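These are the residues of each chain, in order.
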Amino acid sequence: MTDAVDPRRRLAPVVRLAPAKVNLTLAVLGTRPDGYHDLHSVMVPLALADRLSVSVLPPGAPDSLHVAGFDPGPVADNLVLRAIGAARQAAREVGYGPEAPPALAARLEKRIPVAAGLAGGSSDAAAAADAALEAWGVELGPEARHALAAKLGSDVPFFLAGGPALVEGRGERLTPLGWLRGAADHPDGPGLLLVTPAVALSTPAVFRAWDAGARVAGGAARMASAHLADELRRGIGLADLMARGSVLAAANDLAPAAVAVEPALVPFKRALLRLLKRPVGLSGSGPTLWALYASLDEAAEAADRLHEAVTSGTLAWPGPNPPFIAATTILAPAPRREP
Ligand code: C5P
């Protein structure tokens, strides 16, 4: 029997990779009447990803979640379970049938650090909704998928785009962007070095600090963001992207607010600048710091140097544990499927 025969009885788990993201630019344009903030951000998905699998459970069982790897906190609060619940609701709204779609057992391997500014939880939610719909054999139109994602969190719709995107509004307005000209010539580039210090940084607290005035005037991040979005729309060469490194690293309007909440980021970033000798940016509301490299090999070499510096005590880190250090690549947009 193949599992295409009756999706409601499928035995094979549905597996999804849930990529991390970084914000290459992040401009905060203002506070909205709903308390959220209007953004203008170029976001890119990364090869670094969580792995999620879901399997249909026998009747009578509740949805369950088992997590390995980084600890995302209480399972009952996990967005994966909320995403499965919201997907079930959406499935019923498109006429799934008289019974609710069956319960699912989800397994999540967390390889993306938690509360890091890498949107791992949001990506897990997007992957869980998508995997649940496939496990139940339910097709949702693009609008219903988007509404489902937006309901789960501001960063979730981005993961539907499947590649670099300009993200506006609260996070719900998405414009897919092109990527590197001649990307086929750079299968492992650009590389990205990620460094996540083990300090808790709450996104609402960082936005509150921005509201309270921890910000820079001038609109440089907005200009850099619009410029990069234009360039990616047209297609930019790897050398030109690398040449933007210092402008992009500075183009995060949440950086002063993140530092106001966690002052230890300042000496830590300074130490990284000294060791890496290249621009270092902040992803989202932090605390992950990133540096762009022409290839994965170069990023991996830099990661090795940082590991050594941590081991030898040359790099002092904030928090109770050493930082998470990883070399990864930026994912090019998935090829569009033929209709
Ligand atoms: O939408 P999500 O629950 O992921 O957002 C987490 C928090 O980040 C919100 O509670 C809000 O404080 C802040 N946020 C914001 N403006 C955005 C996105 C998030 O103020 N555009």
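Throughout what follows, the structure given in this document is the object of discussion. (Residues numbered from 1 in each chain as written. Predicted model: local features only at pLDDT ≥ 70, side-chain atom pairs only at ≥ 80, totals over all residues. Heavy atoms only, no water.)

**Quick notes on the side chain of aspartate 50**
Consideration 1: Topologically, aspartate 50 is positioned in strand β2 (residues 37–56).
Consideration 2: Here the side chain of aspartate 50 touches lysine 110 through a polar contact of 2.4 Å, side chain to side chain.
Consideration 3: Looking at aspartate 50, its side chain comes within polar contact range of the main-chain nitrogen of isoleucine 112, at 2.9 Å.
Consideration 4: Excluding its chain neighbours within four sequence positions, the residues that come into contact with aspartate 50 are Arg16, Leu17, Ala18, Leu108, Glu109, Lys110, Arg111, Ile112, Gly120 and Asp124. (Helix = DSSP H or I, 4+ residues; strand = E, 2+ residues; numbered from the N terminus. Polar contact = N/O pair within 3.5 Å; in protein donor to acceptor, adjacent residues only side chain to side chain. Contact = heavy atoms within 4.5 Å.)

**A closer look at the sheet that holds strand β8 (residues 281–282)**
Consideration 1: Ordered by their spatial adjacency, 4 strands build an open sheet running β8-β9-β7-β10, and the pairing between neighbours is antiparallel. The open sheet has two edge strands, β8 and β10 (324–329), and neither has a second partner.
Consideration 2: Relative to β10, strand β7 (residues 191–196) runs antiparallel, the two being bridged by 6 bridges. What sits directly across from threonine 196, in β10, is phenylalanine 324.
Consideration 3: Relative to the sheet, helix α10 (residues 265–276) contacts β7, β8 and β9 (289–293), its axis offset from that of β9 by approximately 20°. (Pairing = 2+ DSSP bridges. Axes fitted to C-alpha atoms, helices over the stretch in contact; angles between N-to-C directions.)

**With respect to the site of the ligand**
Consideration 1: The ligand sits among Gly35, Tyr36, His37, Leu39, Gly153, Ser154, Arg170, Thr203, Pro204 and Phe207.
Consideration 2: Contacts to the ligand include serine 154, whose side-chain N or O atom sits 2.5 Å from an oxygen atom.
Consideration 3: Between arginine 170 and the ligand, the recorded distance is 2.9 Å, taken from a backbone N or O atom to a nitrogen atom.
Consideration 4: With the chains in place, 73% of the 450 Å² that the ligand exposes on its own is no longer accessible.
Consideration 5: When residues of the shell around the ligand are traced back to their parent elements, those giving at least two are β2 and α5 (203–211). (Near = heavy atom within 4 Å. Areas by Shrake-Rupley, 256 points an atom, 1.4 Å probe, with all protein chains shown as cover.)

**Some remarks on the packing of aromatic side chains**
Consideration 1: Counted according to the given criterion, the structure contains 2 aromatic pairs.
Consideration 2: Here the aromatic rings of phenylalanine 70 and phenylalanine 324 are separated by 5.6 Å at their centres, their planes lie at 75°, and the arrangement is edge-to-face. Of this pair, phenylalanine 70 sits in the loop between β3 (64–69) and α1 (79–93) while phenylalanine 324 sits in strand β10, placing them 254 residues apart in sequence.
Consideration 3: The class of phenylalanine 324 is buried, set by a relative accessible area of 18%.
Consideration 4: With centroids separated by 5.0 Å and ring planes inclined at 70°, the aromatic side chains of phenylalanine 158 and phenylalanine 159 adopt a geometry described as edge-to-face. For the residue pair phenylalanine 158 and phenylalanine 159, the accessibility class agrees, reading buried in each case. (Phe/Tyr/Trp six-rings, centres within 6.5 Å; stacked < 30°, edge-to-face > 60°. Buried < 20%, exposed > 50% of the residue type's maximum accessible area, 1.4 Å probe, protein only.)

**Description of unusual backbone geometry**
Peptide bonds are, in most cases, trans, and in most cases residues other than glycine have a negative phi.
Consideration 1: With an omega of 5°, the peptide bond running from glycine 286 to proline 287 counts as cis.
Consideration 2: One can find proline 287 in the loop between β8 and β9.
Consideration 3: The phi torsion at alanine 119 lies on the positive side, around 60°, for a residue other than glycine.
Consideration 4: Even without being a glycine, lysine 277 presents a positive backbone phi close to 55°.
Consideration 5: If you trace the backbone, lysine 277 turns up in the loop between α10 and β8.
Consideration 6: Since its relative accessible area comes to 70%, lysine 277 is described here as exposed.

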